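# Chains, contacts and geometry: an overview
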Amino acid sequence: MTSINATGYDFVDLNNQIRKSEKICELNNCLGQRFISAGLKNKIITINGTPGNALGAYLNGAEITVNGNAQDAVGDTMNDGKIVIHGNIGDAAGYAMRGGSIYVKGNAGYRAGIHMKEYKDKIPAIVIGGKAGSFLGEYQAGGIIIVLGLKCSNEIVGNFPCTGMHGGKMLLKSDCKNVRFPENLSVKAATADDMKEFEKYISEFCRLFGADKEQIMNSPFTIITPDTKNPYKQMYVMN
Amino acid sequence: MLKEGQVRIPSGCAISAVISKEGKRMNGEKIIESMKPMHDRSNGLGGGFAAYGIYPEYRQQYALHVFCNDKICKDECEKFLKESFEVVKSEYIPTRKIPEITDEPIIRRYFVSPLSSVLSSMQLDEKEYVVRIVTKINTEMKGVYVFSCGKNMGAFKAVGFPEDVGRFYKLEEYEGYCWTAHGRYPTNTPGWWGGAHPFALLDYTIVHNGEISSYDANRRFIEMFGYKCNLQTDTEVITYIADYLLRRQGLTLNETASVIAAPFWKTIKNKPRAEREKLTYLRTVFSSLLVTGPFSIILGFEGGLMALNDRLKLRSMVVGEYEDKVYIASEEAAIRAMEPLAQNIYSPAGGEAVIIKVKDGDINGR
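One structure accompanies this document, and this report is about it.

Cut-off values and rules
- Residues numbered from 1 in each chain as written.
- Chains lettered and ligands numbered in written order.
- Predicted model: local features only at pLDDT ≥ 70, side-chain atom pairs only at ≥ 80, totals over all residues.
- Helix = DSSP H or I, 4+ residues; strand = E, 2+ residues; numbered from the N terminus.
- Rg over C-alpha atoms; globule rule 2.2 N^0.38 Å.
- Buried ≥ 20, exposed ≤ 12 C-beta atoms within 10 Å, placed from the backbone.
- Contact = placed C-beta atoms within 7 Å.
- Axes fitted to C-alpha atoms, helices over the stretch in contact; angles between N-to-C directions.
- Parallel < 35°, antiparallel > 145°, perpendicular 65-115°, else oblique.
- Left-handed = near helix turned anticlockwise from the far one by under 90°.
- Nonpolar A, V, L, I, M, F, W, Y, C, P; charged D, E, K, R; others polar.
- Pairing = 2+ DSSP bridges.
- Core = buried A, V, L, I, M, F, W, Y, C linked by C-beta atoms within 7 Å.
- Expected span 1.5 Å × (residues − 1).

This next bit is on the overall build of chain B. In terms of regular secondary structure, chain B is built from 11 helices and 18 strands. Compactness check: chain B gives a C-alpha radius of gyration of 19 Å against a globular reference of 21 Å for 366 residues, within 12% of the reference. Each principal axis of the C-alpha atoms in chain B carries an extent, and together these give about 60 × 50 × 45 Å. Considering chain B as a whole, with its 366 residues, one finds that 52% of them fall into the buried category. Within chain B, contacts between residues separated by at least 24 positions form 77% of all contacts whose residues are at least 6 apart in sequence.

So, about the overall build of chain A. Per the secondary structure count, chain A includes 3 helices and 11 strands. Moving toward the C terminus, one meets the helices and strands of chain A in the order β-α-β-β-β-β-β-β-β-β-β-α-α-β. By the compact-globule yardstick of 18 Å for 239 residues, chain A fits well, its C-alpha radius of gyration being 18 Å. By principal-axis analysis of the C-alpha atoms, chain A measures approximately 50 × 45 × 30 Å. Each of the 239 residues in chain A was classed as buried or not, and the buried ones make up 50%.

With that settled, the discussion passes to the packing of helix H6 (residues 215–222) of chain B against helix H7 (residues 234–248) of chain B. All names here are of chain B. Orientation of H6 relative to H7, taken along the N-to-C sense of each, is 45°, at an axis distance of 10 Å. Accordingly, the angle class assigned to the pair H6 and H7 is oblique. As H6 packs across H7, the resulting crossing turns out to be left-handed. Contacts between H6 and H7 involve Tyr 215, Asn 218, Arg 219 and Ile 222 from the first element and Asp 234, Val 237, Tyr 240, Ile 241 and Tyr 244 from the second. Tallied by class, residues from the contact of H6 with H7 come to 6 nonpolar, 1 polar and 2 charged.

This part is about the interface of chain B and chain A. Chain B puts 16 residues into the contact, and the matching count from chain A is 16 residues. A total of 5 residues in the side of chain B that touches chain A trace back to one element, the largest contributor, which is helix H11 (residues 332–338) of chain B. Grouping the amino acids of the side of chain B that touches chain A by side-chain chemistry returns 7 nonpolar, 4 polar and 5 charged.

Attention now goes to the sheet that holds strand S16 (residues 325–329) of chain B. Residues and elements named next belong to chain B. In space, the 7 strands of this open sheet follow the order S8-S3-S10-S1-S16-S15-S17, with antiparallel pairing throughout. Where the open sheet ends on each side, the last strands, each with one partner, are strand S8 (153–158) and strand S17 (343–346). When strand polarity is set aside, the average angle formed by the axes of neighbouring strands in this sheet is 10°. Pairing between strand S1 (residues 14–20) and S16: 5 bridges, direction antiparallel. Bridging from a neighbouring strand, Ala 17 pairs with Ile 328 of S16.

Turning next to the nonpolar core. The biggest cluster of nonpolar side chains holds 180 residues, and the ones touching the most others in it are Ile 128 and Val 147 of chain A together with Ile 241 and Leu 305 of chain B. For this core, the element with the most residues is H7 of chain B, which contributes 7 residues. Apart from the residues lying within four places of it in its own chain, the contact partners of Val 147 of chain A are Ile 128, Lys 131, Ala 132, Leu 136, Ile 156, Val 157, Leu 172 and Lys 173 of chain A.

Quick look at the pairing of strand S14 (residues 304–309) of chain B now. Residues and elements named next belong to chain B. In terms of burial, S14 is largely enclosed, as 5 of its 6 residues are buried. Bridge analysis of strand S13 (residues 295–301) against S14 gives 6 bridges, and the strand direction is antiparallel. What sits directly across from Phe 301, in S14, is Gly 304. Two elements, S14 and strand S18 (residues 354–357), share 4 bridges in a ladder whose sense is antiparallel. Counted as the bridge partner of Gly 304 is Lys 357 from S18.

Take helix H8 (residues 253–260) of chain B next. Residues and elements named next belong to chain B. The buried fraction of H8 is high, at 6 of 8 residues. Considered for burial, the residues of H8 that qualify are Leu 253, Thr 256, Ala 257, Ser 258, Val 259 and Ile 260. In this structure, the buried residues of H8 make contact with H7, helix H10 (273–285), S14 and S18.

Looking now at the sheet that holds strand S7 (residues 144–148) of chain B. The strands that make up a sheet are held in pairs by hydrogen bonds between backbone atoms, and each pair lies either parallel or antiparallel. Residue and element names in this part refer to chain B. Strand order in the open sheet formed by 4 strands is S5-S6-S4-S7, with antiparallel pairing between adjacent strands. Bordering the open sheet on either side are strand S5 (85–92) and S7, each of which pairs with just one other strand. Each strand of the sheet is rotated relative to its neighbour by a mean of 30°, with strand direction disregarded. In this structure, strand S4 (residues 62–68) lies alongside strand S6 (residues 106–114), joined through 7 bridges in antiparallel fashion. Within S6, the position partnered with Ala 63 by the bridge is Phe 111.

This next bit is on the pairing of S4 of chain B. Residue and element names in this part refer to chain B. Taken across its 7 residues, S4 has 7 buried, putting it largely inside the fold. The sheet contact formed by S4 and S7 spans 4 bridges and is antiparallel. Bridging across to S7, His 65 finds its partner in Ser 148.

Our next topic: the environment of Val 131 of chain B. Mapped onto the elements, Val 131 of chain B comes out in helix H4 (residues 126–140). Taking C-alpha positions, Val 131 of chain B is 7.1 Å from Leu 202 of chain B, a pair spaced 71 residues apart along the chain.

Let us now look at H7 of chain B. All names here are of chain B. With 15 residues, H7 should cover 21 Å at 1.5 Å per step; its first-to-last C-alpha distance of 21 Å lies within 8% of that length. The element H7 is largely enclosed, with a buried count of 12 among its 15 residues. Within H7 the residues assigned to the buried category are Asp 234, Thr 235, Glu 236, Val 237, Ile 238, Thr 239, Tyr 240, Ile 241, Ala 242, Asp 243, Tyr 244 and Leu 245. Those residues of H7 that are buried lie in contact with strand S11 (199–201), strand S12 (204–210), H6, H8 and S13. Phi for Gly 250, located one or two positions after H7, is positive at around 70°.

In this section: the environment of Asn 107 of chain A. All names here are of chain A. Along the polypeptide, Asn 107 turns up in the loop between strand S6 (101–104) and strand S7 (125–128). Placed 42 residues apart in sequence, Asn 107 and Gly 149 show a C-alpha to C-alpha distance of 8.3 Å. Setting aside residues up to four positions removed in sequence, Asn 107 forms contacts with Asn 88, Gly 130 and Lys 131.

By themselves, these observations are geometric and do not establish any function.
Spelled out as structure tokens, the structure:
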């Protein structure tokens, strides 16, 4: 294992150090360096401190664990791999993500999962243990977003979730009585069959962060999907 | 060289702030440290700081910080100041020669008091008089720019990266109970000293990350009340809006936030009746002061500060605490640079004002 003291490194030098390191790598005293592990595969990286914006951008198979909070745009356009955050994440997590998974123990900021997409077997997933800010899943085009709202007293999502959603699935551990969704979406209580599809993500979340899987699985969930295959039919052009 | 007003500037930027709720004074070292991890948010074309509680020995006077292009401008400025005020002290603002900061103008500081005979003959209160004189200088006197004019506080700004600007002004030698900071990323023009943040009027200062799209609508409205947007940067107009709503209209900070970052009508519709009526009133009466487009701002004022995001939250902002101090910054890393043990880190929602005040009576420091 390589251990790197990030103090004094800018993001270029720090990423060069990580690329040169052994497969298992630990970063200590991280403070705001951006683009950590961008585009990497075949590495297992643990970060102590506060990584900067666009952590794991374009990630291509590497595994990142952050012991603390992460900032904005975690996993921006990531393709494969896994990012685990033992804290909260900032805005726009998983921006345009196209594969791999992000697990967050705490809360997510605004616009988590904005413009996520999927293609055949490349189905990205974000699991948020706490609550998510406004515009969750904005323009979602594919992939899976799960919000568990653990230890969360009021609504588990902010305003305007799923604005512009036209693909993928969102699963919220709530009856969503007080949440307003846009039209053109199907919002319904998740059935046992639905839950089977999401079980592996919830199991992994519980394994990573030590939550009670049975209790979570037995709670009421709401599943949100686009209503038709072409939700914007005739909205912009006569198609 | 084209300056602001001749060319439009959208900006990226970094902001940060620290305040002691106990009114304990701290020097400028920590706030400079906070800008280092956010270095890449700026591009070296502007950095600045506002500090509160730094001039306790002159707390009765207005501290004017002035850029003068040359000695002729300086002499003209001083002549006008002597006609307009009692000038208690006049000096250069101490700076440190460093290779990172070049082409500085003449940088002066004047501690002044309005003459009571003038005030009574003009039937103006002190603050309004200072605003009018400063506006007159900034509008009419070529090559002179008053960039700070509050009591017991001051703005310090320059072209450069913020951490260098802090060293240039020797901010480690000042002690204040509240500091704000800004790193600038103008992308269209060379940037100039007056265009750096904070923008200050009386004790109000604004540091701003973002680019407001309502600038012209806001400017047209605010200029009806005697303000002059000489620099034509978006941030300048927010400072005048704050002064207009807080000082002249007497709105509270929360009401001011509800004007600048008014909730959507859809959101207002679902509020309880009393709140709904109030929000509707504010949005209707001050509709021209709604600020749209991405922004996160920190408004500094005597005894406190207010942080606010645009209602869509198109810019980042994080708040943290430790002991008597509250920290606010564009990135958590900046807070950790000031206080590694900061707790209760959270991101305020769009349009949610975070207001921190020093305990009453403690603003002059201990």
